[in-house]
Amino acid sequence: MKVFLSSISIYPLLAMELKIIVFNVIVSLLENKTIEVSDETPLIGEGGLLDSMKLVELSLKLEDAATDLGFEFDWTSDAAMSRSRGMFRTAGALAAEFIAQSER
Amino acid sequence: MIVVTGASKGLGRAICERLKSKNIEVFGLARDVSDLSFPGMSCDVSSYKEVKSIAQHLKREGINVDGLINAAGIASMNLAITTPPEVSERIIRTNLLGTIFCCQIFAPFLIRNKIGNIINFSTIAVALGLKGESVYAASKAGVEGFTRSFAREMADFSVNVNCIAPGPIDTNLLKGLTASQIAKIIAQQIIPRQYTPDTISDLVELLLDKRSASLSGQVLHVGGV
């Protein structure tokens, strides 16, 4: 029972923490730090926050963050750059992928 | 530390020995690393997985990579129509994909440092369109094209990417050529002289030097074409 309780209380908190890490890394790369990043914020393509240079920096910073957290973050999958289903299409999609990879 | 592919023989080996003699740390990659006189690991550069796992190992060990020299290469002198498909595939995989994979996988080290050099290898066969080297020349033409575009992508991070295109240098790669064939190729260079692995090592040193910081995306033709 105790294990069950801890698994439902800790897991959502961890996912939320990972999401905050991803959003903080995104904001750290922006000139304008007052931009509010939400799940729907586009990262690449039309209206996206990041140019190609920032996208590379974001990927490397997330890789480093993942290493510190004890897992490996791979941004080189076939789907990574797809506008419709890629992890970089929105901040929320990126956070979801980061969380998913932390659980593998 | 400079990562050098094809480090067990030929140009790669000569470059490693030269850099080592200048107290520059090198890390050699080759399929057979049994007799290296410097640190290295066994790796087939045409395998993305193998290259990736070496990079992960270096990262875990906290080794700072500030340069990459893609000297691994294979050749098969043959007319295109008599080249078996497996040979064509092997040449493209090692020469072109091997270079691309190593650049993709080791570049993040250099990007993090916001400085570094990548040196790729082409051949005079591209510029001269040498008969009997179609597939080899195609693989190296790919390396030249990749070098030019990749240099632009890396310029944002102060990483320079260049390519050295030697003529016939006395290494194992020349095994399939006769002395008169070699002489014919050399005669087409602007400076009609056969150069040595030492000359190539000089050029590598030059490109690694801070004073070459304004050069990127260039193909340097040894002997001139």
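Scroll up to find the structure.
Please read all numbers here as calculations on a predicted model, not as lab measurements. (Residues numbered from 1 in each chain as written. Chains lettered and ligands numbered in written order. Predicted model: local features only at pLDDT ≥ 70, side-chain atom pairs only at ≥ 80, totals over all residues.)

S.K.: Give a description of the packing of helix α2 (residues 48–60) of chain B against helix α3 (residues 85–113) of chain B that names residues and reports values.
M.R.: Residues and elements named next belong to chain B. Between α2 and α3, the shortest axis-to-axis distance is 10 Å and the interhelical angle comes to 25°. Comparing their axes, α3 and α2 come out roughly parallel. The two elements α2 and α3 meet at a crossing, and its hand is right-handed. Side by side, α2 and α3 meet where Tyr48, Val51, Lys52 and Ala55 of the first sit next to Phe101, Cys102, Ile105 and Phe106 of the second. (Axes fitted to C-alpha atoms, helices over the stretch in contact; angles between N-to-C directions. Helix = DSSP H or I, 4+ residues; strand = E, 2+ residues; numbered from the N terminus. Parallel < 35°, antiparallel > 145°, perpendicular 65-115°, else oblique. Left-handed = near helix turned anticlockwise from the far one by under 90°. Contact = placed C-beta atoms within 7 Å.)

S.K.: Tell me about the packing of α3 of chain B against helix α5 (residues 134–155) of chain B, residues and numbers included.
M.R.: Residue and element names in this part refer to chain B. For the pair α3 and α5, the least separation of the axes is 8 Å and the interaxial angle reads 15°. Regarding the angle of α3 to α5, the classification is roughly parallel. Every pair of crossing elements has a handedness; the one defined by α3 and α5 is right-handed. The residues of α5 that touch α3, namely those facing Ser88, Ile91, Ile92, Asn95, Leu96, Thr99, Ile100, Cys103 and Ala107, are Val135, Tyr136, Ser139, Lys140, Gly142, Val143, Phe146, Phe150 and Met154.

S.K.: If you had to explain the sheet that holds strand β3 (residues 40–42) of chain B to someone new, which residues and values would you point to?
M.R.: All names here are of chain B. Read from one edge of the open sheet, 7 strands run β3-β2-β1-β4-β5-β6-β7, paired in parallel fashion. Of all the strands in the sheet, just β3 and β7 (219–221) have a single pairing partner and so form its edges. Taking the axes of each pair of neighbouring strands and ignoring which way they run, one obtains an average angle of 15° across the sheet. Here strand β1 (residues 2–5) pairs with strand β2 (residues 26–30) via 4 bridges, running parallel. Bridge assignment links Val4 to a residue of β2, and that residue is Gly28. The sheet contacts of helix α1 (residues 10–21) involve β1, β2 and β4 (67–70), and relative to β1 the element is tilted by about 155°. Each of β5 (116–121), β6 (159–165) and β7 is contacted by α5, which is oriented at about 165° to β6, the strand it contacts most. (Pairing = 2+ DSSP bridges.)

S.K.: Tell me about the pairing of β4 of chain B, residues and numbers included.
M.R.: Residues and elements named next belong to chain B. Alternating positions in β4 separate into two faces, Gly67 and Ile69 on one and Leu68 and Asn70 on the other, with burial throughout. Relative to β4, β1 is paired through 4 bridges, and the arrangement is parallel. Within β4, the position partnered with Val4 by the bridge is Ile69. With 4 bridges joining them, β4 and β5 adopt parallel strand pairing. Paired with Ile69 across the bridge in β5 is Ile119. As a crossover connection, the stretch from β4 through α3 into β5 is right-handed. (Buried ≥ 20, exposed ≤ 12 C-beta atoms within 10 Å, placed from the backbone. Right-handed = clockwise from strand over helix to strand, strands pointing away.)

S.K.: Talk me through the environment of Leu220 of chain B; I want residue IDs and the actual numbers.
M.R.: Residue and element names in this part refer to chain B. Note on placement: Leu220 falls in strand β7. Taking the C-alpha atoms as reference, Leu220 lies 32 Å from His57; in sequence the two are 163 residues apart. The contacts of Leu220, once residues within four sequence positions are left out, are Asn162, Cys163, Ile164, Ala165 and Leu203.

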